[in-house]
Amino acid sequence: MPSFHPPRNSLTRLHQVRRPTSLQIRPFTSSTSDLSPSSFPNMSSRTTEQGKLKVSLRGPAILNNPRFNKGSAFSREERDRLGLRGRLPFAVDALDEQVERAYMQYKSRETNILRNSFLASMKSQNWTLYYALLSKYLIEMFPIVYTPTEADAISDYSHLFRRSEGLYLSPPEFDKMEEDFLDACEGRDLDLIVVSDGEAILGIGDQGSGGIGISSAKAVIYTLAAGVDPAKALAVTLDVGTNNEDLLKDDLYIGRQIHIGYREKRLRGDKYDEFVDKFVGLVKKHQPKCLLHFEDFGVTNAQRLLARYRDQHSVFNDDIQGTGAVTLAALQAAIAVTKTKLIDQRVIIYGSGSAGLGIARQLRDAIVLESSDEKKADSKKASSQFWLMDRHGLIKKSLEKNKVRDEVEDDFIRTEEEWGSGDEENGLLEVVKKVKPTVLIGTSTHTAAFTEEVVKEMSKHVDRPIIFPLSNPTKKCEAEQWTNGKALMATGSPFDPVDVPGKKKKYVVAECNNALIYPGLGLGAILSRSSQMTDSMIIAGSKRLAELAPAILKNDPDESLLPDFGDAPKVNFEVALSVIKAAQADKVAREEDIPKDEDGMRKWAEEKSWKAEYREYEYDPEGLR
Ligand SMILES: NC(=O)c1ccc[n+]([C@@H]2O[C@H](COP(=O)([O-])OP(=O)(O)OC[C@H]3O[C@@H](n4cnc5c(N)ncnc54)[C@H](O)[C@@H]3O)[C@@H](O)[C@H]2O)c1
Ligand SMILES: O=C(O)C[C@H](O)C(=O)O
Ligand SMILES: [Mn+2]
């Protein structure tokens, strides 16, 4: 029997800390794409012969514009040209000096949420400085601008609110939606729109108009980890109301006081569909080449909307597809360690919402694709390797209809022959005992559900149990207390490495968060201008990510199942290249200038990436604004 658990008093608590970066692949160098032809067809009029950028903003207008503002880094000449002389302290700073000053200010904030607010404020002042700071302190700041701290910022959105960001769309302004959408696009061809209706934010549920926070955070990661130009990205919230009683009772809930939110119960049914349909219609009409990323919709809407729109436009649901892809990559690394095959796994998915069902489908499809002729699995057979659970326990045929959601495909529902015909519910421990799983995945938001007893039971039957408690943020993780030992682990939020009995080296718990892959999947779709995000594009990205997993790269069973988040930019770039090739193979790539050879494509993609660097400005009334 494997010695999975040390005595109780030596249980290791998971800590939220960051690790040094390790991946050695080609560097992600890039240059600005601010003026790529797709964005501004009359490109020549936007730059001078010396490569200066022509801007039509002067004085306070440029200082208050985060896209163009340089603060103390405006040169003497620019200060003369742009009417800034007396508006700035005398010294001219370099960007890295500004970064160091900003870092000191950041450090002086004592809590993560204060640091998050500080960075949000910086983003509204100066994008170049903001992204230069984040890039330099990537490992430290990733969890501050993203999971888990962003969850706190979103749940307190109405209290922390200072300045609007992105586009807020509400049903009372249905008739003006086109005008508002065009206003927000500011005449640009966008590369990316991230939209949320705020119903299922991470594991913290309905956050109403605060949902803009997740759209913004996901867009920031696209820039940070995939070089998407922030001027070509738009964060959107469909503020269709909230059912969150705490928000509705709160006098400061943002909808009530300043009429940004829509302070009513959530819109449902035909009216909801009409609202979303109008929005997607506007994206298709005015931004036909833009990736539309759906984030944190409630499970029913998430599934329906993806199915409805994915053949019509380049549409991506991160919770379903991004999570499926990153989990498949981590699992590929885990089975390389256990020297088993996908087709040999017995998988319990604990929590069958957007993420759980997305993972189940992605893994099932991978089993079908990868199964060899002699051990061929069709979709039905592959589905039988999964045991899906939800708040009523195991999802099985005998459960009352209202306890099984419509989104769960029949093939995933366990039979009466196997589990009896009564309506009794089967809990996790019982299911683990009976199924003897090799893989246990948590996407339930049920804190600490993977108890010591459950894990011990699992490790009776398998030498190296594969356990992925993926719920976010940290406080929702299914494994609150964890042990070192034999489990092959990956979590949704970042955790400290854990001690392993008898070994000096700590075990690095992989961070299986979709941010390790969605920026790359999206970048691949954006660069190839794909008309759809196909399944093969997603699988290609996932495969590439798995190849970069330290456990596979170093052929070492004690290494992490996924690359470190510090390598997220390099990793996502690699993912993007694979996605471009898959888009071409699927004949959905509309971009005609993609170089055919690998090196050419790499260079071309690098050149298109936005970089946090200042450009020199010339004043021109016809210039950018
Ligand atoms: N690591 C990642 O990249 C990643 C990606 C997406 C989602 N997630 C996390 O997964 C969790 C679920 O997200 P989602 O978008 O699927 O939400 P969701 O609301 O669509 O699904 C959650 C599911 O869990 C079920 N559930 C709730 N309580 C349960 C319990 N006590 N026992 C068993 N099942 C229970 C719910 O019925 C629901 O079906 C969240 O915490 C989210 O942060 C992580
Ligand atoms: O936002 C994250 O950290 C991952 C994921 O999309 C989630 O909803 O939890
Ligand atoms: Mn999400």
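Not measured: the values here are computed from a predicted model. (Residues numbered from 1 in each chain as written. Chains lettered and ligands numbered in written order. Predicted model: local features only at pLDDT ≥ 70, side-chain atom pairs only at ≥ 80, totals over all residues.)

Contacts to ligand 1 come from 29 residues, most closely from Gly203, Gly351, Gly353, Ser471 and Gly492. Among the elements of the structure, helix 15 (318-338), helix 16 (354-370) and strand 9 (386-390) are those that each provide at least two residues to the shell around ligand 1. A breakdown of the residues in the shell around ligand 1 according to their chemical character gives 9 nonpolar, 16 polar and 4 charged. Two domains each donate at least three residues to the shell around ligand 1, and these are domain 1 (152-313) and domain 2 (321-514). (Near = placed C-beta within 6 Å. Helix = DSSP H or I, 4+ residues; strand = E, 2+ residues; numbered from the N terminus. Nonpolar A, V, L, I, M, F, W, Y, C, P; charged D, E, K, R; others polar. Domains from an automatic or database assignment.)

Our next topic: the domain arrangement of the protein chain. Assigned domains of the protein chain: these are domain 1 (152-313), domain 2 (321-514) and domain 3 (516-607). Each of domain 2 and domain 3 has a C-alpha centre, and the two are 25 Å apart. On the side of domain 3, 20 residues touch domain 2, which itself brings 25 residues to the contact. Breaking the side of domain 2 that touches domain 3 down by element, the ones donating at least two residues are helix 15, helix 16, strand 14 (488-491) and strand 15 (510-511). For the side of domain 2 that touches domain 3, the element with the highest residue contribution is helix 15, accounting for 12 residues. A class-by-class count of the residues in the side of domain 2 that touches domain 3 yields 17 nonpolar, 5 polar and 3 charged. (Contact = placed C-beta atoms within 7 Å.)

Here we come to the sheet that holds strand 6 (residues 291-294). As summarised here, the arrangement of the 5 strands in space is 3-5-4-6-7, forming an open sheet in which the pairing is parallel. A strand with exactly one partner marks an edge of an open sheet, and here the two such strands are strand 3 (167-169) and strand 7 (315-317). Averaged over all neighbouring strand pairs, the angle between strand axes comes to 20°, with direction disregarded. Across 4 bridges, strand 4 (residues 192-196) lies against strand 6 in parallel orientation. Considered in strand 6, the bridge of Ile193 is made with Leu292. Against the sheet, helix 15 touches strand 6 and strand 7, its axis set at about 75° to strand 7. On top of the sheet, helix 21 (residues 518-528) reaches strand 4, strand 6 and strand 7; it is set at about 155° to strand 6, its chief contact. (Pairing = 2+ DSSP bridges. Axes fitted to C-alpha atoms, helices over the stretch in contact; angles between N-to-C directions.)

Turning to the UniProt feature "active site" (unreviewed entry) in the protein chain, a few remarks are in order. Mapped onto this numbering, the UniProt entry gives "active site" (unreviewed entry) at Tyr146 and Lys218. For this annotated set, covering 73 residues, all C-alpha atoms fall within 7.6 Å of each other, a compact arrangement in space. Examined against the element boundaries, Tyr146 turns out to sit in the loop between helix 6 (138-145) and helix 7 (149-155). With residues up to four places along the chain from it excluded, the contact list for Tyr146 reads Ala217, Ile221 and Ala515. Here Lys218 shows up in helix 10 (residues 212-226). (UniProt positions renumbered as here; feature names shortened; annotations may be inferred.)

In terms of nonpolar packing, the biggest core is built from 168 residues, with Leu192, Ala329 and Ala330 touching the most fellow members. Excluding anything up to four places from it in sequence, Ala330 contacts Phe468, Ala490, Ala510, Cys512, Leu561 and Leu562. Residues Val55, Leu57, Ile62 and Leu624 belong to the second largest nonpolar core, which totals 8 residues. (Core = buried A, V, L, I, M, F, W, Y, C linked by C-beta atoms within 7 Å. Buried ≥ 20, exposed ≤ 12 C-beta atoms within 10 Å, placed from the backbone.)

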